[in-house]
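Examination of the molecular architecture
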Amino acid sequence: MNTTLGRLNKVLRFSTVDGPGNRFVIFVQGCNFDCAGCHNPYTITDCNHCGLCVRPCPEDALTIEPGPFVVVDRETCTSCDVCIDVCPFDATPLAYETTVEDLVEQIRETAKFISGITVSGGEATLQADFIFELFSTVKADPELSHLTTFIDSNGSAPRHVWDRLAPVMDGAMIDLKALDDATHVQLTAASNMPVLDSIRHLAGIGRLHEVRLLIMPGYNDDDGTVDRTAAWLRAIDPGTRVVVIGFRRHGVRRGFDYLVESSPDQMVTIGDRFRAAGFADVVVV
Ligand code: SF4
Ligand code: SF4
């Protein structure tokens, strides 16, 4: 019996964009970065039960109970996202706590149709104890042990967290928002020093599945920055799988209207620069 509860935003039973193959994806609630280009900002903070989203709910699915606590009637909720749109705190009243056992039962129902499990976010590693118990349980279960276990992370976790997870984690996908620390602070409100160290450390222990580069025009898309990023990654491991992702405005918070989308041509050019730098496994999204 595991005792640690996971704080989740949602679960997707099938996804082909969150790691290799078809995957069961767990999105945790809570993140320690505040990224300008975040596409799911309602996962950043925990609900403070202020109640501002209760009246706007068109289905009357939200109520305030003594505490106060905002409670959702999940039978009535239509997932319209109005509560997420009106929340001024980058939260959602729909986040919930669950057990490893509950998730494992859900995974068991899909196990024949998936190749693995990915924990994403929010920031997955903020709930490292829960992930360790989940992955350990999956690996120890004869019906589930064929499933691969991945983490999609902003890379902020210190080495001891990765070392704890490594025995039960098959790979990590790490976002590198900017090689230049000042730019990284502009884009995420956090330093990239732990991110760079996570990439280096995960490569060293054989757990770096891929590095994801979100291209934000005007911040990290100039040729010099792209080439310096490629050189830095190549020095760590030229066999690194590199995923180049063009920024899209969809889902980004109000107040970040100044951010510019990447063009498809620009993404192709950046992908080609990584290939020219010696990377064989480059994916442009
Ligand atoms: S989701 Fe946001 S608006 Fe709704 S109660 Fe929580 S903090 Fe307040
Ligand atoms: S998503 Fe939020 S606003 Fe929409 S029905 Fe559900 S609780 Fe109400």
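Residues numbered from 1 in each chain as written. Chains lettered and ligands numbered in written order. Predicted model: local features only at pLDDT ≥ 70, side-chain atom pairs only at ≥ 80, totals over all residues. Heavy atoms only, no water.

**Comments concerning the pairing of strand β6 (residues 116-120)**
- Burial within β6 is extensive, with five of its five residues counted as buried.
- Neither face of β6 is open: one carries G116, T118 and S120, the other I117 and V119, and all of them are buried.
- Bridge count for strand β2 (residues 23-28) against β6 is five bridges, and the pairing is parallel. What sits directly across from V25, in β6, is T118.
- When β6 meets strand β7 (residues 148-153), the two strands line up parallel, connected through four bridges. (Buried < 20%, exposed > 50% of the residue type's maximum accessible area, 1.4 Å probe, protein only. Helix = DSSP H or I, 4+ residues; strand = E, 2+ residues; numbered from the N terminus. Pairing = 2+ DSSP bridges.)

**Overview of the packing of aromatic side chains**
- Under the criterion given, the structure shown has two aromatic pairs.
- Directly above the aromatic system of F27 lies the positively charged group of K10, at a separation of 5.4 Å from the ring centroid. (Phe/Tyr/Trp six-rings, centres within 6.5 Å; stacked < 30°, edge-to-face > 60°. Lys NZ or Arg CZ within 6 Å of the ring centre and 35° of its normal.)

**Here we look at the sheet that holds strand β10 (residues 242-246)**
- Pairing within the open sheet is mixed, and its nine strands lie in the order β5-β1-β2-β6-β7-β8-β9-β10-β11. Each end of this open sheet is capped by a strand with a single partner; those strands are β5 (96-98) and β11 (282-284). Adjacent strand axes in the sheet meet at a mean angle of 25 degrees when their direction is disregarded.
- Those strands touched by helix α6 (residues 193-204) are β8 (171-175) and β9 (208-215), and its axis lies near 155 degrees from that of β8. (Axes fitted to C-alpha atoms, helices over the stretch in contact; angles between N-to-C directions. Contact = heavy atoms within 4.5 Å.)

**Here's the deal with the side chain of D221**
- Looking at where D221 falls in the secondary structure, it is placed in the loop between β9 and α7 (223-236).
- For the buried D221, no salt bridge is present, and the opposite-charge side chain at shortest range is R228, 11 Å distant.
- At a separation of 2.9 Å, a polar atom in the side chain of D221 contacts the main-chain amide nitrogen of G218. (Lys, Arg positive; Asp, Glu negative; His and termini not counted. Salt bridge = Lys/Arg side-chain N within 4 Å of Asp/Glu carboxyl O. Polar contact = N/O pair within 3.5 Å; in protein donor to acceptor, adjacent residues only side chain to side chain.)

**What to know about helix α3 (residues 128-140)**
- The end-to-end C-alpha separation of α3 is 18 Å, in line with the 18 Å expected for 13 residues at 1.5 Å each.
- Every buried residue of α3 is accounted for by A128, F130, I131, E133, L134, F135 and V138. (Expected span 1.5 Å × (residues − 1).)

**Description of the environment of D180**
- Residue position: D180 is located in the loop between β8 and α5 (181-188).
- By relative accessible area, D180 is classed as partly exposed at 35%.
- On a C-alpha basis, the gap between D180 and A91 in space is 29 Å, while along the polypeptide they are 89 residues apart.
- At 2.8 Å, the side chain of D180 and the side chain of T183 are in polar contact.

**Notes on the environment of A178**
- If you trace the backbone, A178 turns up in the loop between β8 and α5.
- Since its relative accessible area comes to 4%, A178 is described here as buried.
- The sequence separation of A178 and N220 amounts to 42 residues, and the corresponding C-alpha distance is 6.1 Å.
- Excluding anything up to four places from it in sequence, A178 contacts T183, H184, L187 and N192.

**Side note on the packing of α6 against α7**
- In the contact formed by α6 and α7, the axes pass within 10 Å of each other and the chain directions differ by 35 degrees. For the pair α6 and α7, the contacting residues are L196, I199, R200 and A203 in the first and W232, L233 and I236 in the second.

**Digging into the nonpolar core**
- In this structure, I26, I107, L134, F135, W162, I199 and F274 are the most contacted members of the largest nonpolar core, which totals 58 residues.
- Those residues in contact with I199, other than ones at most four positions away along the chain, are I174, L176, L208, V211, W232, L233 and I236. (Core = buried A, V, L, I, M, F, W, Y, C linked by side-chain atoms within 4.5 Å.)

**Notes on the domain arrangement of the protein chain**
- Here the domain parsing of the protein chain yields domain 1 (6-42 + 96-284) and domain 2 (48-93).
- The C-alpha-based centres of domain 1 and domain 2 are spaced at 29 Å.
- With seven residues of domain 1 at the interface, the matching set in domain 2 holds six residues.
- Taking both partners together, domain 1 and domain 2 bury about 510 Å²; carbon and sulfur atoms supply 47% of that area.
- At the junction of domain 1 with domain 2, the criterion picks out one salt bridge.
- A salt bridge links D90 to R253; the nearest nitrogen and oxygen atoms lie 2.8 Å apart.
- Where domain 1 touches domain 2, the interface holds two residue pairs in polar contact (both at pLDDT 80 or more).
- When its residues are assigned to classes, the side of domain 1 that touches domain 2 shows three nonpolar, two polar and two charged. (Domains from an automatic or database assignment. Buried area = accessible area lost by both parts, 1.4 Å probe. Nonpolar A, V, L, I, M, F, W, Y, C, P; charged D, E, K, R; others polar.)

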